[in-house]
Amino acid sequence: GFSRMNAVVVVQTTQGICAHLLDTFDNDTLKRRGVAVGYDARVNSDHFARAAAAVFASKGIQVFLTSEPCPTPILAAAVSYKQCAAGVMVTASHNPKEYNGYKVYWSNGAQIIPPVDSLCAAAIEQNLDIWERPNTDDIASHPLVSDPLAMVAHQYFDDMVKNLHFRPNRDNASTRV
């Protein structure tokens with residue numbers, strides 16, 4: 001609910017993730033690779049995603065911000081296809097529709113695991129004072145922000161089709177249920 005997931009929490013969390021990325025990656029590498037940010041159709045997900053994007057842009061990091069709601073696998077694919085340093089997905093697929101969540105993906109396109117999760121948590125605690133950042137409402141037009149959605153979705157679905165395998169009809173005919 002709002003007592004746990006709100007714009008301040010999203011900004012603070014993103015500042016911590018950003019700080020950890022700045023500690024982990026060479027500055028030029030991080031700025032070149034960037035971060036993917038996506039969101040689902042839940043209430044305020046788009047606002048939270050724009051707030052996260054503004055934090056990354058405030059440190060000169062390229063942001064691939066989806067222009068509309070997308071499924072979580074598309075964000076993970078964006079991290080991989082765009083070779084991002086990390087990704088953030090504003091979603092909570094297992095919670096009721098009125099709630100949101102915040103998922104962090106590493107450069108391999110998978111959700112963070114130990115020890116990265118602990119390092120991110122520590123960085124969040126060390127970065128609770130709000131940083132100066134671009135206006136959240138205008139972030140999509142920021143020079144460091146671009147929309148990867150069309151390219152990523154196209155490549156993702158092409159890859160899915162390439163990896164689908166169908167049994168020939170003759171194999172299906174002999175299968176008993």
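The rules we used
- Residues numbered from 1 in each chain as written.
- Predicted model: local features only at pLDDT ≥ 70, side-chain atom pairs only at ≥ 80, totals over all residues.
- Heavy atoms only, no water.
- Core = buried A, V, L, I, M, F, W, Y, C linked by side-chain atoms within 4.5 Å.
- Buried < 20%, exposed > 50% of the residue type's maximum accessible area, 1.4 Å probe, protein only.
- Helix = DSSP H or I, 4+ residues; strand = E, 2+ residues; numbered from the N terminus.
- Contact = heavy atoms within 4.5 Å.
- Salt bridge = Lys/Arg side-chain N within 4 Å of Asp/Glu carboxyl O.
- Axes fitted to C-alpha atoms, helices over the stretch in contact; angles between N-to-C directions.
- Left-handed = near helix turned anticlockwise from the far one by under 90°.
- Nonpolar A, V, L, I, M, F, W, Y, C, P; charged D, E, K, R; others polar.
- Disulfide = S-S within 2.5 Å.
- Polar contact = N/O pair within 3.5 Å; in protein donor to acceptor, adjacent residues only side chain to side chain.

**Re the nonpolar core**
Thinking step 1. Within the largest apolar cluster, 36 residues are counted, with the highest numbers of intra-cluster contacts made by Ile17, Leu21, Val37, Phe56 and Leu65.
Thinking step 2. For this core, the elements supplying multiple residues, two or more each, are α1 (7-24), β1 (35-39), α3 (45-58), β2 (63-65), β3 (86-90), β4 (102-106) and α5 (116-125).
Thinking step 3. Sequence-distant contacts of phenylalanine 56, defined by excluding residues within four places in its chain, comprise Thr14, Ile17, Cys18, Leu21, Val35, Val37, Ile61, Val63 and Val88.
Thinking step 4. By size, the runner-up hydrophobic cluster in this structure holds 15 residues, among which are Cys70, Leu75, Ala78 and Leu149.

**Considering the pattern of salt bridges**
Side chains that carry opposite charge are capable of pairing whenever their charged atoms lie near each other.
Thinking step 1. Under the definition given, this model contains two salt bridges.
Thinking step 2. For arginine 42, the salt bridge is made with aspartate 40, and the minimal N-O distance between the two is 2.9 Å. Of the two residues, arginine 42 and aspartate 40, neither departs from the other in class, the shared state being buried.

**Some thoughts on helix α4 (residues 72-81)**
Thinking step 1. The element α4 is largely enclosed, with a buried count of seven among its 10 residues.
Thinking step 2. Backbone geometry just after α4 places glutamine 83 at a positive phi near 55°.

**A closer look at the packing of α1 against α3**
Thinking step 1. Where α1 contacts α3, the axes come no closer than 9 Å and their chain directions differ by 35°. For α1 against α3, the interelement crossing comes out right-handed. Side by side, α1 and α3 meet where Ala7, Val10, Val11, Thr14, Gln15, Ile17, Cys18 and Leu21 of the first sit next to His47, Phe48, Ala51, Ala52, Val55 and Phe56 of the second.
Thinking step 2. Of the residues contributing to the contact of α1 with α3, the split by class is 11 nonpolar, three polar and no charged.

**Looking at the environment of threonine 72**
Thinking step 1. Relative to the helices and strands, threonine 72 is located in helix α4.
Thinking step 2. Distance from threonine 72 to glutamine 62, taken between C-alpha atoms, is 20 Å for residues 10 residues apart in sequence.
Thinking step 3. Discounting residues that sit within four places of it in the chain, threonine 72 has contacts with Met89, Thr91 and Tyr105.

**Describing the state of the cysteines**
Should the sulfur atoms of two cysteines be covalently bonded, the bond is a disulfide.
Thinking step 1. Under the counting rule described, the total for this entry stands at zero disulfides.
Thinking step 2. Residue cysteine 84 stays outside any disulfide, its sulfur separated by 12 Å from that of cysteine 70, the closest cysteine.
Thinking step 3. Free cysteine cysteine 120: the closest other cysteine sulfur is in cysteine 18, separated by 11 Å.
Thinking step 4. Accessibility expressed as a relative area gives 2% for cysteine 120, which makes it buried.

**Here's the deal with the side chain of arginine 42**
Thinking step 1. Relative to the assigned elements, arginine 42 resides in the loop between β1 and α3.
Thinking step 2. A polar side-chain atom of arginine 42 sits 2.9 Å from a polar atom in the side chain of aspartate 40.

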